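Descriptive structure summary
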Amino acid sequence: MSARPLLAAFVLTASTLLAAENWPEFRGPIGDGHADKADLPVTFGDSDHVKWKAVIHGKAWSSPVIWGSQVWLTTANEQGTELGVLTLDKDTGKILRDDTLFHIATPQFCHQFNSYASSTPAIEEGRIYVTFGSPGTACLDTKTGKKIWERTDFVCNHYRGAGSSPIIWQNLLIMNFDGSDFQFIVALDKATGKTVWETKRSTDFNDVDAEGKVKAEGDFRKAFATPHVYMQGNQPVLLSSGAKAHYAYDPRNGKEIWRFDEPEAQSAATRPVVNDGIAYIPAGFGKAGLLAIKLGGSGVLSVNDLAWRMKKAAPNKPSVTLVGDLLFTVNDGGIASCVEAKTGNVVWSERLGGNFSSSPIYANGRLYVGNEEGKFYVYEAGRQFKVLAQNEFPDGFMASPAVSGNALFLRTKTTLYRIEN
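Here's what I pulled together on the structure shown here. (Residues numbered from 1 in each chain as written. Predicted model: local features only at pLDDT ≥ 70, side-chain atom pairs only at ≥ 80, totals over all residues. Heavy atoms only, no water.)

Let us look at the overall build of the chain. The secondary structure content of the chain amounts to 1 helix and 35 strands. Taken over the C-alpha trace, the chain has a radius of gyration of 20 Å; the compact-globule value for 421 residues is 22 Å, and the two agree within 12%. Taken along the three principal axes of its C-alpha coordinates, the chain extends 65 × 55 × 50 Å. Taking the 43 positively charged and 45 negatively charged side chains of the chain as two groups, their mean positions are separated by 2 Å. (Helix = DSSP H or I, 4+ residues; strand = E, 2+ residues; numbered from the N terminus. Rg over C-alpha atoms; globule rule 2.2 N^0.38 Å. Lys, Arg positive; Asp, Glu negative; His and termini not counted. Charge placed at Lys NZ, Arg CZ, Asp CG, Glu CD.)

Put into structure tokens, the structure is as follows:
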């Protein structure tokens, strides 16, 4: 073999290994919850298979992100007056930095179920992007922790607290803002923080009474979902869920491509997954359930653009996981389901138990997910329902897992764990 193919093979292998070590956004490297080749333990717990654990102060439901030798987390005090970030050494669990980024004199209301730091950061080489919604967004140098830029000018009443996580696409940082007063999606130049484009949600909420007042103070206009970019042929498409509607945009300019109205749903809170011409999107709280939207349309879509709809046992907060031709879900009440991705036919639907806000991850033929009461389940990602382990922790899970190499990083309500064989 010549030197050039050898070099190409080495670069490909090195980049694959590097990607496996990094967990840069909510739900991982490509936003689908996959850590395909990771050799993770099945049975573990608070003192079992734990390389290290670190107590994390504050109240925060954001998930960890990982780049190189660092693990990053956001946190906040329970009052929402101090919003910050922590950096940990991935190998030892030592807290390297604990910085307050924003001091908020008069925080917005946050429901007790939520936290003031529920948005997962996005990280890349040299930079991390942290948002707490309208109170503040910042870009930090990952070596020094210093702010490169910040934005505190976005006006959005999150009403019950923010929850949407940012994503990186090319030179852009893309974020959803769906509040009771304003609803829009925005793309920032990730180098400077300046707005590249901003697009207002286009759906008619149909919630204004005869006196011209918005019903329920705009409660049904808010959402907490994370956007996602996929390639449709050679064209990038940005999927973004709001309240009562789901959208596709051109991520280069923010132009709306299509909209699917779902008036019986609000507070969408997941990140969609896409495969083989279908987007799988939990519609949000209400009666709509899980939508399988056929891709490639334009304008205002109709029910004819649905491949199928799943209403029974559909999740509201946990994102779905696609493995081959099977779609796996865990709903808020602890019912796990396996569905044929093409048809929506239910293969099995069984109760795990407890309440779930965290989204599962997939690794090496298994699904991993923790509930709010502190039980962490491992079960087979197949056509037969088989729980492999029910692991116990003293605190519950609101954050979703992260993976680096063969290590599992779990954030409970109080503690961050590194777990491995």
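With that out of the way, let us pick up the pairing of strand β30 (residues 366-370). With respect to burial, β30 is a largely interior element, 5 of its 5 residues being buried. With burial as the criterion, each face of β30 is covered, one bearing R366, Y368 and G370 and the other bearing L367 and V369. If you look at the hairpin formed by strand β29 (residues 361-363) and β30, you'll find 2 residues sitting between the two strands, and N364 has a positive phi there, around 55°. As defined by bridge partners, β30 adjoins strand β31 (residues 375-380) across 5 bridges and the pair is classed as antiparallel. Following the sheet pairing, G370 is matched in β31 by F376. (Buried < 20%, exposed > 50% of the residue type's maximum accessible area, 1.4 Å probe, protein only. Pairing = 2+ DSSP bridges.)

Residues other than glycine seldom take positive phi values, yet A216 does so here, at roughly 55°. Residue position: A216 is located in the loop between β13 (195-200) and β14 (228-232). By relative accessible area, which is 38% here, A216 ends up partly exposed. You will see that S267, though not glycine, has its phi angle at about 60°, which is positive. Considering the arrangement of structural elements, one finds S267 in the loop between β18 (265-266) and β19 (273-275). S267 gets classed as buried once you look at its relative accessible area, which sits at 6%.

In this section: the environment of A54. Following the sequence through the fold, A54 ends up in strand β1 (residues 50-55). Those residues in contact with A54, other than ones at most four positions away along the chain, are L88, G93, T414, T415 and L416. (Contact = heavy atoms within 4.5 Å.)

Time to look at the side chain of T75. Counting through the fold element by element, T75 comes out in strand β3 (residues 70-76). If we skip the residues at most four places from it in the chain, T75 touches H57, G58, K59, A60, E82, L83, G84, L86, A117, F132 and R411.

Bringing the sheet that holds strand β8 (residues 137-141) into the picture now. The strand order across the open sheet built from 4 strands is β6-β7-β8-β9, with neighbouring strands paired in antiparallel fashion. Sheet topology places β6 (122-124) and β9 (147-151) at the edges, where each strand pairs with a single neighbour. Averaged over neighbouring strand pairs, the angle between their axes works out to 10° when direction is ignored. Of the strand pairs in this sheet, β8 and β9 are connected by 4 bridges, and their pairing is antiparallel. Each bridged residue has a counterpart across the sheet, and for A138 the counterpart in β9 is E150. (Axes fitted to C-alpha atoms, helices over the stretch in contact; angles between N-to-C directions.)

Under the defined criterion, the tally for this structure stands at 20 salt bridges. As a salt-bridge pair, E262 and R309 come within 3.0 Å of each other at their nearest N and O atoms. With E262 in the loop between β17 (256-261) and β18 and R309 in strand β24 (residues 306-310), the pair connects residues that are 47 residues apart, well separated along the chain. Its relative accessible area of 6% is what places E262 among the buried residues. Salt bridges linked by common partners bring D91, R418 and E420 together as one network. (Salt bridge = Lys/Arg side-chain N within 4 Å of Asp/Glu carboxyl O.)

Further remarks concern the sheet that holds β3. Read across the sheet, 4 strands follow the order β2-β3-β4-β5 without closing on themselves; strand pairing throughout is antiparallel. What marks the edges here is a single partner per strand, and that holds for β2 (65-67) and β5 (95-103). Strand-to-strand twist in this sheet, taken as the mean axis angle between neighbours without regard to direction, amounts to 20°.

To continue, consider the packing of aromatic side chains. Scanning the model with the defined rule gives 18 aromatic pairs in all. Ring plane angle 75° and centroid distance 5.1 Å describe the contact between F393 and Y417, whose orientation is recorded as edge-to-face. Separated by 24 residues along the polypeptide, F393 in the loop between β32 (387-392) and β33 (402-404) and Y417 in strand β35 (residues 415-419) bring together distant segments of the chain. Overall, F393 belongs to the buried group, its relative accessible area being 6%. Among the residues examined, Y417 registers a relative accessible area of 2% and is labelled buried. Aromatic ring contacts, followed pair by pair, group F44, F376, F393, F397 and Y417 into a single cluster. The ring centre of F102 lies 4.3 Å from the NZ or CZ of K147, which sits over that ring. (Phe/Tyr/Trp six-rings, centres within 6.5 Å; stacked < 30°, edge-to-face > 60°. Lys NZ or Arg CZ within 6 Å of the ring centre and 35° of its normal.)

A separate point is the nonpolar core. In terms of nonpolar packing, the biggest core is built from 30 residues, with F44, L88, Y368, L408 and L410 touching the most fellow members. Secondary-structure elements contributing two or more residues to this core are β1, β3, β4 (82-89), β29, β31, β33, β34 (407-411) and β35. Contacts of L410, omitting those with residues within four sequence positions, involve F44, F376, F393, F397, P401, T415, L416, Y417 and I419. (Core = buried A, V, L, I, M, F, W, Y, C linked by side-chain atoms within 4.5 Å.)

The next subject is the environment of N171. Here N171 is to be found in the loop between β10 (167-169) and β11 (172-178). Judged by relative accessible area, which is 40%, N171 ranks as partly exposed. Along the sequence, N171 and W308 sit 137 residues apart, while their C-alpha atoms lie 35 Å from each other. Not counting residues up to four positions away in its chain, the partners in contact with N171 are L188, D189 and K190.

Looking now at the side chain of H228. Mapped onto the elements, H228 comes out in strand β14. Within the structure, the side chain of H228 is placed 3.1 Å from the side chain of R271, a separation counted as a polar contact. Contact partners of H228, with chain neighbours within four places excluded, come to I30, G31, I167, V237, L238, L239, R271, P272 and V274. (Polar contact = N/O pair within 3.5 Å; in protein donor to acceptor, adjacent residues only side chain to side chain.)

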